[in-house]
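One letter stands for each residue in the lines below.
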Protein chains: 2
Amino acid sequence: MNGVLYGVGVGPGDPELITLKSLRLIKSTEVIAYPKLKGSKSFARNIIEEFIDLPKVEIAIEIPMTVNRLPAQRAYDAAAQKISTHLNMGENVVFLCEGDPFFYGSFMYMHSRLYKKYLVEIIPGVSSMTACAAMAKKPLAARNEVLTVLPGPLSKKELERRLADNNSSAIMKVGRHIKKIKSVIDRLGLMDSSLYIERASLKEQKVLKLIDAPEVAPYFSMVLVNKEEDPWL
Amino acid sequence: MNGVLYGVGVGPGDPELITLKSLRLIKSTEVIAYPKLKGSKSFARNIIEEFIDLPKVEIAIEIPMTVNRLPAQRAYDAAAQKISTHLNMGENVVFLCEGDPFFYGSFMYMHSRLYKKYLVEIIPGVSSMTACAAMAKKPLAARNEVLTVLPGPLSKKELERRLADNNSSAIMKVGRHIKKIKSVIDRLGLMDSSLYIERASLKEQKVLKLIDAPEVAPYFSMVLVNKEEDPWL
């Protein structure tokens with residue numbers, strides 16, 4: 001019988017924000033896989049560092065960060081083959097995912113490649129979005145409010161249109177798009193309703209008014225916009 | 001010195017989907033508060049049942065389910081006073097929240113009432129949205145996809161407009177709005193792209209094609225719409 005592939009959410013960064021279930025699966029599974037950027041350590045692997053007491057078989061998937069998707073697709077193809085080898089031998093594999101596996105996570109690329117052939121189980125995790133809201137102490141949405149999640153790479157026009165059409169928005173993957181995002185939000189008169197959050201739940205975490213956000217933002221940063229102040233009394 | 005109010009996410013239902021941090025705070029805090037509907041047990045309190053080994057001071061906040069918000073507001077006012085009494089004596093209070101405290105959670109009503117006077121810390125949790133996606137094995141969004149979270153009580157017109165404008169949507173608080181939601185999704189030709197999920201992560205969980213969803217849905221149900229099939233290869 002084939003092994004099971006587990007897509008395991010490990011939360012936004014603070015190791016204490018992992019769930020009991022993710023922790024149990026990480027501890028009890030011998031093969032773990034995770035993405036990493038060339039030249040740096042895997043963020044997902046770092047989060048669980050303190051929980052690894054026995055050596056494991058580790059599949060590090062080096063993802064080239066290029067606008068062209070082909071090199072990354074090839075890396076996932078190769079990793080899917082390695083993971084298949086273990087699954088075919090009846091061994092379970094845990095794929096570590098920052099945040100939640102199905103919320104803008106890289107696990108989706110592995111899922112697409114393997115779910116037709118193998119049993120895949122998804123263990124949800126605390127997403128960066130709710131973690132940012134928690135650290136910023138800024139509620140996302142309640143009652144009949146619409147919440148829109150916008151990727152930072154969207155065009156200026158599209159960002160503006162969607163931000164104008166919502167009370168509450170979370171802008172993900174801010175990184176090098178910070179200048180564009182600031183300018184759109186300023187034009188809409190929403191600067192005072194917007195916060196910038198960097199590396200939520202980690203020691204290096206920053207929560208700033210958007211107007212004070214740095215010129216250069218890291219990939220793991222987010223902007224939260226909520227037009228209403230204290231709308232929940 | 002005043003105590004700290006902790007808004008603690010306990011996840012979508014499976015006790016194993018609680019985080020280490022939420023569990024630590026629940027175990028180490030003597031006063032816990034939680035909302036409950038009249039005549040039924042508190043869902044959030046149920047989730048953590050197995051972790052309570054010592055008796056605690058418990059503040060059950062009975063929320064009347066009426067369209068008129070006033071009775072619920074009065075219940076939160078009264079609860080805020082009870083919680084304040086403990087905080088004033090220097091005792092910490094844990095407020096239990098299903099899912100995540102700032103993602104359509106009732107904690108916001110308590111937060112609004114107390115954050116100006118007391119230190120409030122938010123512990124994020126696994127939201128029902130990512131839990132539903134995990135259980136349905138249906139990715140929410142990736143890359144530059146926009147994800148919209150829509151409350152079920154929205155008008156037919158508004159639901160239709162927003163569903164048409166997105167690749168990926170999560171409809172929360174489906175409950176008695178299931179018929180309206182089905183009809184809108186059918187009109188948009190999205191029936192085959194839509195799943196219905198009920199009580200995600202619990203033993204009674206149901207994952208169905210939307211077309212097979214029951215006529216009467218419980219409050220804890222969700223509809224996920226994603227127009228693309230396997231968009232992540």
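About the criteria used
- Residues numbered from 1 in each chain as written.
- Chains lettered and ligands numbered in written order.
- Predicted model: local features only at pLDDT ≥ 70, side-chain atom pairs only at ≥ 80, totals over all residues.
- Heavy atoms only, no water.
- Salt bridge = Lys/Arg side-chain N within 4 Å of Asp/Glu carboxyl O.
- Helix = DSSP H or I, 4+ residues; strand = E, 2+ residues; numbered from the N terminus.
- Buried < 20%, exposed > 50% of the residue type's maximum accessible area, 1.4 Å probe, protein only.
- Axes fitted to C-alpha atoms, helices over the stretch in contact; angles between N-to-C directions.
- Parallel < 35°, antiparallel > 145°, perpendicular 65-115°, else oblique.
- Left-handed = near helix turned anticlockwise from the far one by under 90°.
- Contact = heavy atoms within 4.5 Å.
- Nonpolar A, V, L, I, M, F, W, Y, C, P; charged D, E, K, R; others polar.
- Pairing = 2+ DSSP bridges.

Student: Explanation requested: the pattern of salt bridges in the structure shown.
Tutor: For side chains bearing opposite charge, pairing can occur when the charged atoms are close. Inspection of the entire model under this criterion finds 26 salt bridges over all chains. A salt bridge links Glu160(B) to Arg187(B); its shortest N-O distance comes to 3.1 Å. Taken together, the residues span a long stretch of sequence, with Glu160(B) in helix H6 (residues 156-164) and Arg187(B) in helix H7 (residues 178-187) at a distance of 27 residues. On the accessibility criterion, Arg187(B) (63% relative accessible area) is exposed. Each of Glu158(A), Arg161(A), Arg162(A) and Asp165(B) takes part in salt bridges that share partners, so that together they form one network.

Student: Looking at this structure, how should I read the packing of H6(B) against H7(B)?
Tutor: Two packed helices can be described by the angle between their axes and the distance between those axes. All names here are of chain B. The interhelical angle for the contact between H6 and H7, taken along N-to-C directions, is 45 degrees, at an axis separation of 10 Å. In this view, H6 runs oblique relative to H7, as classed from their interaxial angle. By crossing handedness, the relation of H6 to H7 is classed as right-handed. Counting all contacts with H6, which are made through Lys-156, Leu-159, Glu-160 and Leu-163, the residues of H7 involved are Lys-180, Ile-181, Ser-183, Val-184, Ile-185 and Arg-187. In the contact of H6 with H7, the residues fall into 5 nonpolar, 1 polar and 4 charged.

Student: Is there a simple way to explain the sheet that holds strand S8 (residues 194-198) of chain B in this structure?
Tutor: In any sheet, the strands associate via hydrogen bonds between backbone groups, in a parallel or an antiparallel arrangement. Read from one edge to the other, the open sheet built from 10 strands follows the order S9(A)-S8(A)-S10(A)-S7(A)-S6(A)-S6(B)-S7(B)-S10(B)-S8(B)-S9(B), with strand pairing classed as mixed. One side of each edge strand has no neighbouring strand; the edge strands of this open sheet are strand S9 (206-209) of chain A together with strand S9 (206-209) of chain B. Within the sheet, the average angular offset between the axes of one strand and its neighbour, ignoring direction, is 15 degrees. Inspection of the sheet shows strand S8 (residues 194-198) of chain A paired to S9(A) by 4 bridges, in the antiparallel sense. From the neighbouring strand, Ile197(A) faces S9(A), where its bridge partner is Val207(A). Against the sheet, helix H5 (residues 128-136) of chain A engages strand S6 (147-151), strand S7 (168-172), S8, S9 and strand S10 (221-226) of chain A, with an angle of about 70 degrees to S10(A). Where helix H5 (residues 128-136) of chain B meets the sheet, it contacts strand S6 (147-151), strand S7 (168-172), S8, S9 and strand S10 (221-226) of chain B, and its direction lies at approximately 70 degrees from that of S10(B).

It is worth stressing that arrangement in space is one thing and function is another; only the former is reported here.
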